[in-house]
Amino acid sequence: MNNMWGSMAQYNEIYWPWPIAVYLFLAGLSAGAMIVALFLRWKGIELDKISSSSKFDGCFKAAAIIAPITICVGLALLVLDLGKPLSFYWILIKYNFASVMSIGVALLLLYTPLAFIYLLVAFAPQIKASNISILESLSNLVLKSGLVKLMEILLFVLAIGVGVYTGFLLSAISKLPLWDTPVLPILFLVSGFSSGIAASVICGMVFFKDNIDQHVVAGLLKFDLFAIVCEIALLGALFALMFSKGGSSEVVAVQALGSGALAGIFWFGVVGMGLVLPIVIDLTVLKGHAYKPTVMLLNTLLVICGVILLRYYIVYAGQIFTGA
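Every value quoted in this text rests on a predicted model; they were computed, and no experiment measured them. (Residues numbered from 1 in each chain as written. Predicted model: local features only at pLDDT ≥ 70, side-chain atom pairs only at ≥ 80, totals over all residues. Heavy atoms only, no water.)

1. Overview of the overall build of the protein chain
Logical step 1: For the protein chain, the count of helices and strands is 13 helices and 0 strands.
Logical step 2: Mapped in sequence order, the helices and strands of the protein chain form the string α-α-α-α-α-α-α-α-α-α-α-α-α.
Logical step 3: Looking at the protein chain as a whole, 50% of its 324 residues qualify as buried.
Logical step 4: A fraction of 77% describes how many contacts in the protein chain between residues 6 or more apart in sequence connect residues 24 or more apart.
Logical step 5: Counting only carbon and sulfur atoms, one obtains 70% of the accessible surface of the protein chain, whose full area is about 14400 Å². (Helix = DSSP H or I, 4+ residues; strand = E, 2+ residues; numbered from the N terminus. Buried < 20%, exposed > 50% of the residue type's maximum accessible area, 1.4 Å probe, protein only. Contact = heavy atoms within 4.5 Å. Areas by Shrake-Rupley, 256 points an atom, 1.4 Å probe, with all protein chains shown as cover.)

Pasting the structure below:
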């Protein structure tokens, strides 16, 4: 491993390509969507009273679907990107809790099946109407056993763990200055939450438009605005910390912010399109969070694209700019 990273520092080779960036995005999106679903649930949704005609649950349903699906797609990409994907099972049976990767695998092994079980609970009425006995029995078991509350608390903790793990996975590699910062896990958690809000809103408005409550959407957009402001502050802290360290960290910060196409992706894609423009839209066109569906869809798409580009930028800039 040390030789690999030493070689990369010398030749600037990309060992973690775009599928890793997409995996990090999807894992953060899943964690963010799960937090959104739990937030809405704790805000007043009664699972046993949700029906196909009920209001106030369109974004909840969307978030409950997004969380398990995106983590599975992300894990599939991760496994396929391995040189020997069929050997992936060794990670599942050989744990080293001093390793960030092993801790992440343990989190995902708990989080992923629970996210699917929670999906069955969230769609209990629809499952009951489908007459699929196995799914209905599992859904009823969780609902009637009083395990929902415990499951939700566990899922909340696991979702936060998955969100920060995506950043720790990179920051554990101390030889790469852009990744070697305690800010990165928090940045990935907050940006994942932002993308989870955006995806829940857009999917809720598109696929569950008859179940959308405008006040719920407005409330989620307020949270997203706060998350975006936090992202800007965290990005500032990340680069300020690199400049304060001096040496190779300062060199990498200058290169990452001002060199070539990656700098363009950062300033125009991440900052301009993904952070500043959504704030401008929120404070002007959506002032007071007026319900304007087309503008809201544009706003959420910009946020999601910005978070994807952030992951891409961090993964590639971290490997290309080494200060060597």
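Read on, since the account is not over.
2. Quick word on the confidence of the model for the protein chain
Logical step 1: Summarising the model, the protein chain shows a mean pLDDT of 83, and 79% of its residues fall at 70 or more.
Logical step 2: The spread of mean pLDDT over the elements of the protein chain runs between helix α1 (residues 2-11), the lowest at 36, and helix α9 (residues 183-207), the highest at 95.
Logical step 3: Low pLDDT, under 50, characterises residues 1-11; the stretch is placed with 15 contacts to residues that sit more than four places away or in other chains.
Logical step 4: The low-confidence segment residues 48-56 (pLDDT under 50) makes 24 contacts with residues lying over four places distant or belonging to another chain. (pLDDT = per-residue confidence, 0-100.)

3. A few points about the packing of helix α10 (residues 214-245) against helix α12 (residues 260-283)
If you want to describe how two helices pack, look at the angle between their axes and the distance between the axes.
Logical step 1: Two numbers describe how α10 lies on α12: the axes approach to 10 Å, and their chain directions differ by 145°. Relative to α12, the crossing made by α10 is left-handed. Residues Leu 221, Leu 225, Ile 228, Val 229, Glu 231, Ile 232, Leu 235 and Phe 239 of α10 touch α12, and the partners they reach there are Phe 266, Val 270, Leu 275, Pro 278, Ile 279, Asp 282 and Leu 283.
Logical step 2: Grouping the constituent residues of the contact of α10 with α12 by class yields 13 nonpolar, no polar and 2 charged. (Axes fitted to C-alpha atoms, helices over the stretch in contact; angles between N-to-C directions. Left-handed = near helix turned anticlockwise from the far one by under 90°. Nonpolar A, V, L, I, M, F, W, Y, C, P; charged D, E, K, R; others polar.)

4. Looking at the packing of aromatic side chains
Logical step 1: Inspection of the entire model under this criterion finds 8 aromatic pairs.
Logical step 2: A centroid spacing of 6.4 Å and a plane angle of 85° characterise the contact between Phe 60 and Tyr 118, whose relative ring orientation is edge-to-face. Linking Phe 60 in helix α3 (residues 58-81) with Tyr 118 in helix α5 (residues 100-122), this pair joins segments that are 58 residues apart in sequence.
Logical step 3: The buried category is assigned to Phe 60, whose relative accessible area is 0%.
Logical step 4: On the numbers, 5.6 Å between centres and 70° between planes, the contact of Phe 239 with Phe 266 is edge-to-face. In this pair, Phe 239 is assigned in helix α10 and Phe 266 in helix α12, connecting sequence segments 27 residues apart. An identical accessibility class is assigned to Phe 239 and Phe 266; each is buried. (Phe/Tyr/Trp six-rings, centres within 6.5 Å; stacked < 30°, edge-to-face > 60°.)

5. A short note on the packing of α9 against α10
Logical step 1: At their nearest, the axes of α9 and α10 sit 9 Å apart, and the two run at 155° to each other. The orientation of α9 relative to α10 falls into the category roughly antiparallel. The way α9 lies across α10 gives a crossing that is left-handed.
Logical step 2: Residue classes in the contact of α9 with α10 are distributed as 19 nonpolar, 2 polar and 2 charged. (Parallel < 35°, antiparallel > 145°, perpendicular 65-115°, else oblique.)

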